[in-house]
Amino acid sequence: MLNFRMNMPFYLMGVYGSLMIVLVLLLRSVLKNRLPRFVFPVLWGVVLLRFLVPFSLSSPLSARGFAELSLPLMENEATAGSPVVENTLWQGTGEMGIAEVFTDYQEYPGFLLANPRGWLMIAYALGGIVTVAVLLRQKYRYSRMLKVRLLVEHNETINAILRDMDMGHILVFTNDEIASPMVCGLWNPRIYLPTRMNFDDTVLLRDILTHEAMHIKRRDNWVKAVMLVVLSLNWFNPLAWIMSKCLSSDLEASCDEAVLRAYKEDRRKSYAESLLTMAITGNRSTLLYSAFSKTEVERRIKNVLHYKKASVIMMIFSVIFLLCGTVVFATGVQAPFQPELTGYCASSNSRWGARVTRTRDIALGENSEKRVEYIVLTILAEGIGDPELLEERMAAELAKEFGVEKGAFHIEISLCLNEEDQEEEYEAWEIRQDKDGFHRYKGEKIRTFEDEMGGLYQSREEGSYDITVHRDRLGFITSLTVLQEGDAEFDKRTRELERESYGASYDNTYDVGWEGEQVQESTAWGL
């Protein structure tokens with residue numbers, strides 16, 4: 001069962017997006033030369049969506065352990081009015097809501113400055129403004145540079161090449177300021193060629209135009225635009241900048257591969273020569289546009305010369321890899337959610353009690369809490385004594401009732417004995433309770449008494465015994481660990497208690513003054 005919501009907090013979008021970048025980088029380092037080049041731009045596209053779209057898609061693949069990040073609730077409907085022994089309210093994270101922040105800010109204008117989170121918000125905003133300003137400045141510089149241009153109208157070679165690619169509507173310009181070809185524009189993309197390029201070299205011209213037209217056909221400039229938005233929002237994240245560099249490189253490699261698929265085998269060498277010709281020294285790649293550059297030109301040329309068309313088996317594997325990777329990336333994480341389904345449920349027919357939470361964000365329908373509690377209490381009433389069987393039975397019934405996998409529920413089983421039954425078990429081992437609530441063993445005071453499975457721990461300063469109760473997996477007492485004076489562990493604890501008592505007594509030293517006279521009084525050792 002899938003559960004789709006648009007509730008992912010911005011900070012978690014960044015965290016999960018960063019984890020996805022690391023995973024793609026690892027896959028890229030291992031499989032880059034084994035998979036078709038189009039695979040990794042698609043995976044980077046999924047990463048960009050994770051950074052920008054606050055979707056949460058819960059599935060059995062979703063990561064566990066995000067319940068503690070859940071948003072605070074005013075009350076827990078799972079426990080209200082339920083037949084439970086212990087009715088506990090879920091405790092929220094204590095974080096302020098947006099409305100509270102603005103209310104406090106109106107009452108106290110210095111709120112943001114006095115709050116560390118306020119300084120972080122200001123620093124984040126300033127960093128984002130600076131990043132956007134730098135990108136806009138670069139955009140403005142390129143726009144001014146490209147204004148001085150000349151439309152190429154009557155070059156039959158150019159027109160024929162674009163018509164062959166069904167791109168006859170694309171305008172081509174020449175410009176004196178640029179060093180290598182580039183594509184500019186989103187809604188109305190245009191190709192810009194350097195004036196100094198040899199237009200009489202029809203092979204070079206065809207290779208360049210085919211490459212740039214392929215960028216337009218594949219919407220690479222749109223991908224880069226989305227990437228710039230991600231960089232502006234995550235300017236502080238070095239992984240986002242690493243992603244931008246790798247994405248630009250993968251877009252170029254994928255475009256080269258697409259061009260080579262359209263060419264015959266004897267055209268590879270000429271295309272490699274065209275790459276080398278247009279990789280002008282000193283020209284840098286840009287995040288704003290798709291352009292020829294010297295960046296990784298040696299690697300690109302090697303890829304071109306060693307290019308082989310992917311086999312049918314490799315293409316099928318690539319598609320499966322993409323589908324699986326996309327599903328895992330999309331459903332592997334989820335937004336914080338409210339995990340509680342029931343309070344602590346118990347039955348007079350069972351030695352055990354149970355509490356149920358959900359491990360992932362799933363919609364269980366109307367009255368889901370009451371339905372869960374009914375199933376839990378019904379199974380407890382059957383008197384199953386084995387906690388493992390009890391947990392398995394509950395998981396199976398809950399999965400059947402709600403049509404989800406068993407792992408969607410976490411069932412916490414613990415021993416649940418009433419006081420009379422518990423004291424009766426203790427008495428069988430010569431442990432009895434005093435009127436003050438503390439226990440004695442064979443008539444002597446117990447200093448520390450621990451029954452972990454039974455949920456009981458007592459401690460006092462004086463006593464003749466330290467006792468630990470051991471139970472089997474069915475909850476029955478099997479043995480006691482009894483420590484008394486003369487036992488190494490008991491004496492060690494006694495010395496620790498004496499040191500703690502000494503420290504507390506020494507710390508209790510204080511000064512009292514009367515009419516200007518200072519007197520020191522100490523409670524240690526009766527001084």
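Residues numbered from 1 in each chain as written. Predicted model: local features only at pLDDT ≥ 70, side-chain atom pairs only at ≥ 80, totals over all residues. Heavy atoms only, no water.

**Student:** Please explain the overall build of the chain as it appears in this structure.
**Tutor:** Along the chain, the regular secondary structure elements total 16 helices and 18 strands. Per-residue burial over the chain gives 43% buried out of 527 residues. Across the chain, contacts joining residues at least 24 apart in sequence account for 62% of those joining residues at least 6 apart. Carbon and sulfur atoms make up 57% of the accessible area of the chain, which totals about 29800 Å². (Helix = DSSP H or I, 4+ residues; strand = E, 2+ residues; numbered from the N terminus. Buried < 20%, exposed > 50% of the residue type's maximum accessible area, 1.4 Å probe, protein only. Contact = heavy atoms within 4.5 Å. Areas by Shrake-Rupley, 256 points an atom, 1.4 Å probe, with all protein chains shown as cover.)

**Student:** Mind showing me how you'd approach the pairing of strand β9 (residues 352-358) here?
**Tutor:** Regular strands show a simple pattern: their side chains alternate between the two faces of the sheet. With respect to burial, β9 is a largely interior element, 7 of its 7 residues being buried. Of the two faces of β9, both are covered, the one formed by W352, A354, V356 and R358 as well as the one formed by G353, R355 and T357. Taken together, strand β8 (residues 345-346) and the strand that follows it, β9, pair antiparallel across an intervening segment of 5 residues. (Pairing = 2+ DSSP bridges.)

**Student:** Help me understand the environment of V183 in this model?
**Tutor:** Tracing the sequence through the fold places V183 in strand β5 (residues 182-184). For V183 and V172, which are 11 residues apart along the polypeptide, the C-alpha to C-alpha distance reads 9.4 Å.

**Student:** Even after reading the chapter, I still don't get the confidence of the model for the chain, so can you show me in this structure?
**Tutor:** Should pLDDT be low for a region, the predicted coordinates there are not to be read in detail. Summing up the model confidence of the chain, the mean pLDDT is 78 and the portion of residues at 70 or higher is 77%. A low-confidence stretch, residues 65-106 stays under pLDDT 50, and its non-local contacts, those more than four residues away or across chains, total 60 contacts. Confidence drops under pLDDT 50 across residues 505-527; counting only partners more than four residues distant or on other chains, this segment forms 17 contacts. (pLDDT = per-residue confidence, 0-100.)

**Student:** I'm lost on the pattern of salt bridges in this one. Help?
**Tutor:** Side-chain pairing between opposite charges can occur once the charged atoms of the two side chains come close. What the rule picks out here adds up to 17 salt bridges. E257 serves as the salt-bridge partner of R261, at 3.2 Å between the closest nitrogen and oxygen. Here E257 and R261 lie together in helix α9 (residues 238-262), a separation of 4 residues that amounts to about one turn. For the salt bridge of D451 with R471, the shortest nitrogen-to-oxygen distance reads 2.8 Å. Here R471 lies in strand β15 (residues 465-471) and D451 lies in strand β13 (residues 444-451), a separation of 20 residues in the sequence. Note on accessibility: D451 and R471 belong to one class, buried. Residues joined by salt bridges that share partners form a network here, namely R351, E425, D451 and R471. (Salt bridge = Lys/Arg side-chain N within 4 Å of Asp/Glu carboxyl O.)

**Student:** Teacher, can you tell me more about the packing of helix α2 (residues 39-52) against helix α8 (residues 220-233) here?
**Tutor:** Packed helices, taken two at a time, are described by the angle between their axes plus the distance between the axes. Interaxial distance between α2 and α8 falls to 10 Å at its minimum, and their mutual angle equals 40°. As far as their axial angle goes, α8 and α2 are oblique. As for how α2 packs across α8, the hand of that crossing is left-handed. Between α2, through L48, F51 and L52, and α8, the contact on the second element is made entirely by V223, V226, M227, V229, V230 and L233. A class-by-class count of the residues in the contact of α2 with α8 yields 9 nonpolar, no polar and no charged. (Axes fitted to C-alpha atoms, helices over the stretch in contact; angles between N-to-C directions. Parallel < 35°, antiparallel > 145°, perpendicular 65-115°, else oblique. Left-handed = near helix turned anticlockwise from the far one by under 90°. Nonpolar A, V, L, I, M, F, W, Y, C, P; charged D, E, K, R; others polar.)

**Student:** Is there a simple way to explain a negative patch on the surface in this structure?
**Tutor:** On the surface, E419, E420, D421, E424 and E427 cluster together to form a negatively charged patch. Along the chain, E420 falls in helix α15 (residues 419-427). (Patch = residues over 30% accessible without salt bridge, like charges linked within 9 Å, V, L, I, M, F, W, Y side chains within 5 Å. Lys, Arg positive; Asp, Glu negative; His and termini not counted. Charge placed at Lys NZ, Arg CZ, Asp CG, Glu CD.)

**Student:** Just to check I follow, could you spell out helix α5 (residues 116-147) for this structure?
**Tutor:** Working note: α-helix, 3.6 residues per turn, so residues spaced by three or four point in the same direction. In this model, α5 (32 residues) spans 47 Å end to end at C-alpha, consistent with the 46 Å of a helix rising 1.5 Å per residue. Listed in full, the buried residues belonging to α5 are G118, G127, G128, T131, L135, Y142, M145 and L146. (Expected span 1.5 Å × (residues − 1).)

**Student:** How should the pairing of strand β4 (residues 171-175) be read in this particular structure?
**Tutor:** Among the 5 residues in β4, 4 count as buried, and that is most of the element. Note: strand β3 (residues 150-151) against β4, 2 bridges, orientation antiparallel. Residue pairing in the sheet places L150 in a bridge with T174 of β4. Across 5 bridges, the pairing between β4 and strand β6 (residues 190-194) is parallel. Note that in β6 the partner of F173 across the bridge is Y192.

**Student:** How should I be thinking about the nonpolar core in this particular structure?
**Tutor:** Considering soluble globular proteins, one finds that nonpolar side chains tend to be buried as a cluster. In this structure, I158, L162, M167, V172, I191, L193 and L209 are the most contacted members of the largest nonpolar core, which totals 26 residues. Every element with two or more residues in this core is listed here: α6 (156-164), β6, α7 (202-217), α9 and α10 (268-278). With 7 residues, α7 is the single largest residue contributor to this core. Sequence-distant contacts of L209, defined by excluding residues within four places in its chain, comprise I158, I161, V172, I191 and L193. (Core = buried A, V, L, I, M, F, W, Y, C linked by side-chain atoms within 4.5 Å.)

**Student:** Please explain the sheet that holds β8 as it appears in this structure.
**Tutor:** Backbone-to-backbone hydrogen bonds pair the strands of a sheet. The strands run either parallel or antiparallel. One open sheet holds the 3 strands; their spatial order is β8-β9-β10, and the pairing between them is antiparallel. At either margin of the open sheet sits one strand with a lone partner, and together these are β8 and β10 (409-415). In the packing of helix α14 (residues 387-402) onto the sheet, the strands contacted are β9 and β10, and the crossing angle to β10 comes to about 150°.

**Student:** Where do I start with the packing of aromatic side chains in this structure?
**Tutor:** Geometrically, a pair of aromatic rings is defined through the distance of the ring centres and the angle of the planes. All told, the structure shown has 9 aromatic pairs when counted by the stated rule. Aromatic side chains W187 and W222 sit 5.2 Å apart centroid to centroid with 85° between the ring planes, which places their arrangement in the edge-to-face category. Taken together, the residues W187 in the loop between β5 and β6 and W222 in helix α8 connect sequence positions 35 residues apart. The exposure class assigned to W187 is exposed, which follows from its relative accessible area of 76%. Among the aromatic residues, ring-to-ring pairing joins F10, Y124, W235 and F236 into one connected group. It is R149 that lies over the ring of F173; its NZ or CZ is 4.8 Å from the centre. (Phe/Tyr/Trp six-rings, centres within 6.5 Å; stacked < 30°, edge-to-face > 60°. Lys NZ or Arg CZ within 6 Å of the ring centre and 35° of its normal.)

**Student:** Got a minute to help me understand the environment of L417 in this structure?
**Tutor:** Relative to the helices and strands, L417 is located in the loop between β10 and α15. When the C-alpha atoms of L417 and G454 are compared, they prove to be 7.5 Å apart, with 37 residues separating the residues in sequence. Apart from the residues lying within four places of it in its own chain, the contact partners of L417 are R351, Q422, E425 and R471.

**Student:** Would you explain a nonpolar patch on the surface in this entry?
**Tutor:** A cluster of nonpolar side chains, W119, I122, L126 and I129, forms an exposed patch at the surface whose accessible area comes to about 420 Å². With respect to the helices, strands and loops of the structure, W119 is situated in helix α5.

**Student:** I keep staring at the packing of helix α1 (residues 10-31) against α2 and nothing clicks. Help me out?
**Tutor:** Between α1 and α2, whose axes approach to 8 Å, the crossing angle comes to 170°. On the basis of their axis angle, the class for α1 and α2 is roughly antiparallel. Touching M13, G14, Y16, G17, S18, M20, I21, V24, L25, L27, R28 and L31 of α1 are F40, L43, W44, V46, V47, R50, F51 and L52, all from α2. Its residues assigned to classes, the contact of α1 with α2 comprises 15 nonpolar, 3 polar and 2 charged.

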